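A closer look at the structure
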Amino acid sequence: MKEFLEIMGKDIMSENFTSKEYVIYGIVAPLVLVLVCWLAGSLV
């Protein structure tokens, strides 16, 4: 598991994400996904 995390960390660092992309993919996208799942659950 430790080896996997090291490989993933190096891979993420090599992508050169901007801070804006970190906000979009790390905060906004998961919140939208949770809201969509919550709305779908409340409609059933």
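This write-up is about the structure you can find in this document. (Residues numbered from 1 in each chain as written. Predicted model: local features only at pLDDT ≥ 70, side-chain atom pairs only at ≥ 80, totals over all residues. Heavy atoms only, no water.)

**So, the environment of S14**
For clarity, the cut-off: Numbering goes from the N terminus for both helices and strands, where a helix is a DSSP run of H or I of at least four residues and a strand is a run of E of at least two. Here a polar contact means two N or O atoms within 3.5 Å. Within protein one must be a hydrogen donor candidate and the other an acceptor candidate, and residues neighboring in sequence count only if both atoms are side-chain atoms.
Residue position: S14 is located in helix α1 (residues 2–14). Looking at S14, its side chain comes within polar contact range of the main-chain oxygen of D11, at 2.7 Å.

**Section: a nonpolar patch on the surface**
Threshold: Here a patch means residues that are over 30% exposed by relative accessible area and free of salt bridges, tied together within 9 Å if like-charged and within 5 Å if nonpolar (Val, Leu, Ile, Met, Phe, Trp, Tyr). In short, Shrake-Rupley with a 1.4 Å probe defines the accessible areas, and a residue's cover is counted only from the protein chains shown. When a carboxyl oxygen of Asp or Glu lies within 4 Å of a side-chain nitrogen of Lys or Arg, that pair is called a salt bridge. A 1.4 Å probe rolled over the protein chains alone gives each residue an accessible area, and that area as a share of the maximum for its type sets the label: buried under 20%, exposed over 50%, partly exposed in between.
Taken together, the side chains of I12, M13, F17, Y22, V23, I24, Y25, I27, V28, L31, V32 and V36 present a nonpolar region at the surface, about 1100 Å² in accessible area. Only α1 and α2 (19–43) provide two or more residues apiece to the nonpolar patch. The element that contributes the greatest number of residues to the nonpolar patch is α2, accounting for nine residues. Looking at the element boundaries, V23 is found in helix α2. Using a relative accessible area of 41% as the deciding quantity, one classes V23 as partly exposed.

Read these as layout, nothing more, since geometry by itself doesn't imply function.
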